[in-house]
Amino acid sequence: MTEAAVIVDALRTPMGRGKPDGGLAGLHPVDLLAALLKETVQRHDIDPGLVDDVMIGCVSQSGEQSATPGRMALLAAGFPEHVPSTTIDRKCGSSQQAVHFAAQSIMAGANQLVIAGGVESMSRVPMGSARMGQDPFGQGVQQRYAPGLVSQGVAAELVTSRYQLDRETLDQYAAQSHQRAAAHREAGAFRDEIVPVTLPDGRVLSEDETIRPATTAERLSELRPSFQDDALKQRFPEINWSITAGNASQITDGASALLIMSESLANKLGLKPLARFVSFDVCGDSPLTMLTAPIPSSKRALQKAGMSVDQIDHFEVNEAFAPVPLAWRKELDADPERLNPRGGAIALGHPLGASGARLMTTLVHALGQNGQRYGLQTMCEAGGMANTTIIERL
């Protein structure tokens with residue numbers, strides 16, 4: 001008999017700028033995650049020894065993030081030594097995949113209580129550092145996609161061209177992301193999901209430091225394209241070079257965690273679930289355009305749930321680059337007011353391995369605060385993959 005998996009809580013740290021002077025840069029990623037894990041069980045008076053597993057997404061698994069960060073974090077948080085952990089890498093969707101694995105393990109009857117989340121300190125462990133300067137693709141892939149794959153930035157340019165999006169549209173969307181995030185921060189909408197972080201010097205970071213309320217499309221239009229390259233222009237003459245630092249996600253530090261358990265255990269512990277899982281999907285698309293897989297993945301998740309796009313009240317589509325949600329919206333004909341209504345990674349940042357659970361955290365709390373029923377979350381991932389999750393508020 002399949003057991004229902006429910007979300008009992010969803011928390012995250014504030015998002016810190018992923019630079020040496022960023023608010024969270026002084027914290028080791030293990031310590032950043034440990035504080036969140038500790039709060040996750042303490043606020044519900046849960047014995048941490050009941051946790052069957054801690055599944056943590058992390059992309060740059062090198063340096064300070066190389067020793068199974070979830071395991072080190074749970075030990076630092078004072079969990080019993082018998083609690084295990086694993087690290088999951090599905091690139092930008094790593095912690096969304098952690099959520100999938102956690103829920104699916106409960107539905108299969110293998111576990112009763114799992115903490116799923118992610119951590120990424122991009123100020124301390126730079127993106128791409130795990131490659132050590134080596135070729136991660138191999139000869140077969142290079143031959144199949146000769147003369148070779150391209151960076152995510154160039155892939156974003158290709159998506160921009162394919163969906164006939166211009167620079168002005170991208171910048172307007174990016175400015176809107178900041179404006180929406182700023183408005184919701186001002187209204188206190190993020191307070192339920194953020195756990196303040198005490199820094200080594202005693203200061204407390206309690207709000208996202210990535211949101212720029214004064215951002216306008218006009219100011220963003222002054223930024224230079226980030227990936228302009230004459231050789232690539234010859235290969236892809238359709239590219240108009242529209243992607244900038246302003247209409248792309250921000251490099252960020254952060255952690256996120258969801259408390260997921262069987263419905264029967266939640267009832268036994270007297271805990272009220274926030275949401276249940278309706279459907280899951282993960283699929284691939286072209287590794288060259290790389291960022292389009294959320295489109296087929298979302299369609300598959302809706303089909304598995306027996307739902308239409310109009311039945312979804314809130315969409316979280318990761319803003320890796322502005323063309324990603326814009327192309328997704330075009331293909332699914334989704335209501336723009338329901339798409340990233342609290343802003344996205346352009347304003348809130350994209351701490352790689354932590355982003356999937358961060359989006360889910362924002363989605364869960366938004367549904368609760370607005371009295372809405374269904375939410376869909378999807379993320380593009382390097383290599384041309386995507387995860388999609390549909391949840392129902394309880």
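The paragraphs below set out a description of the structure included in this document. Just so it is clear, the structure is predicted and the values come from calculations on it, not from any experiment.

Calculation rules
- Residues numbered from 1 in each chain as written.
- Predicted model: local features only at pLDDT ≥ 70, side-chain atom pairs only at ≥ 80, totals over all residues.
- Heavy atoms only, no water.
- Helix = DSSP H or I, 4+ residues; strand = E, 2+ residues; numbered from the N terminus.
- Polar contact = N/O pair within 3.5 Å; in protein donor to acceptor, adjacent residues only side chain to side chain.
- Contact = heavy atoms within 4.5 Å.
- Buried < 20%, exposed > 50% of the residue type's maximum accessible area, 1.4 Å probe, protein only.
- Core = buried A, V, L, I, M, F, W, Y, C linked by side-chain atoms within 4.5 Å.
- Expected span 1.5 Å × (residues − 1).
- Salt bridge = Lys/Arg side-chain N within 4 Å of Asp/Glu carboxyl O.
- Pairing = 2+ DSSP bridges.
- Phe/Tyr/Trp six-rings, centres within 6.5 Å; stacked < 30°, edge-to-face > 60°.

A few words now on the side chain of T210. Checked against the element boundaries, T210 lands in the loop between β7 (204-205) and α7 (217-220). Polar side-chain contacts of T210 include one of 2.8 Å to the backbone oxygen of A347. Discounting residues that sit within four places of it in the chain, T210 has contacts with M15, G16, R17, H178, Q250, T252, A347, L348 and G349.

Attention shifts here to the side chain of Q377. Residue position: Q377 is located in strand β11 (residues 374-381). Taking the relative accessible area as the measure of exposure, Q377 reaches 0% and is therefore buried. When sequence neighbours within four positions are dropped, the list of residues in contact with Q377 reads Q96, E316, G356, L359, M360, L363, N387, T388 and T389.

A word on unusual backbone geometry. The peptide bond linking A146 to P147 adopts the cis configuration, its omega dihedral lying at 5 degrees. Mapping P147 onto the fold places it in the loop between α4 (138-144) and α5 (152-162). Look at K91: it is not a glycine, yet its phi comes out positive at around 50 degrees. Accessibility expressed as a relative area gives 31% for K91, which makes it partly exposed.

Across the 10 residues that make up helix α11 (residues 323-332), a large majority, seven, are buried. Within the sequence span of α11, burial applies to P323, V324, P325, L326, A327, W328 and L332. The elements touched by buried residues of α11 are α5, α6 (167-186), α10 (294-305), β10 (314-317) and β11. Following α11 by one or two positions, D333 adopts a phi angle in the positive range, close to 55 degrees.

The subject of this paragraph is the nonpolar core. L291, L302, I312, F315, F321 and W328 are the most contacted members of the largest nonpolar core, which totals 38 residues. Where this core is concerned, the elements lending two or more residues are α5, α6, α10, β10, α11 and β11. The element contributing the most residues to this core is α11, with five residues. Those residues within four positions of W328 in sequence are excluded, and the remaining contacts are P294, I295, S298, F315, V317, A334, L339, L376 and T378.

The end-to-end C-alpha distance of helix α1 (residues 29-42), which contains 14 residues, comes to 20 Å, matching closely the 20 Å that a straight helix rising 1.5 Å per residue would cover. The complete set of buried residues in α1 reads P29, V30, L32, L33, A34, L36, L37, T40 and V41. Tucked into the core, α1 has its buried residues touching β1 (5-12), β3 (53-57), α2 (69-76), β5 (113-121), β6 (197-198) and β8 (252-262).

Here we take up the pattern of salt bridges. According to the stated counting rule, one finds 16 salt bridges in the structure shown. The salt bridge partner of D9 is R43, with a shortest N-O separation of 3.8 Å. Within this pair, whereas D9 is found in strand β1, its partner R43 is found in the loop between α1 and β3, the two being separated by 34 residues in sequence. On the accessibility criterion, D9 (6% relative accessible area) is buried. For R43, a relative accessible area of 38% translates into the label partly exposed. In this structure, R203 and D201 form a salt bridge, with 2.7 Å as the shortest nitrogen-oxygen distance. Of the two residues, R203 and D201, neither departs from the other in class, the shared state being exposed. Because the salt bridges share partners, they merge into one network encompassing D9, E39 and R43.

On to the pairing of β8. Among the 11 residues of β8, 11 are classified as buried, and the element is accordingly described as predominantly covered. Sheet topology note: the β1/β8 ladder contains seven bridges and is antiparallel. Opposite I7, over in β8, you have I260 as the bridge partner. Summarising the sheet, strand β2 (residues 16-17) and β8 pair through two bridges and their orientation is antiparallel. Counterpart to R17 in the pairing with β8 is T252. Two elements, β5 and β8, share nine bridges in a ladder whose sense is antiparallel. Bridge assignment links G118 to a residue of β8, and that residue is S256.

Under the counting rule described, the total for this entry stands at three aromatic pairs. Ring geometry for F227 versus F321: centroids 6.4 Å apart, planes at 70 degrees, classification edge-to-face. Of the two residues, F227 sits in the loop between α7 and α8 (230-235) while F321 sits in the loop between β10 and α11, which places them 94 residues apart along the sequence. Ring centres of F277 and F280 lie 5.5 Å apart, and the angle between their planes is 25 degrees; this geometry places the pair in the stacked category. Using a relative accessible area of 13% as the deciding quantity, one classes F280 as buried.

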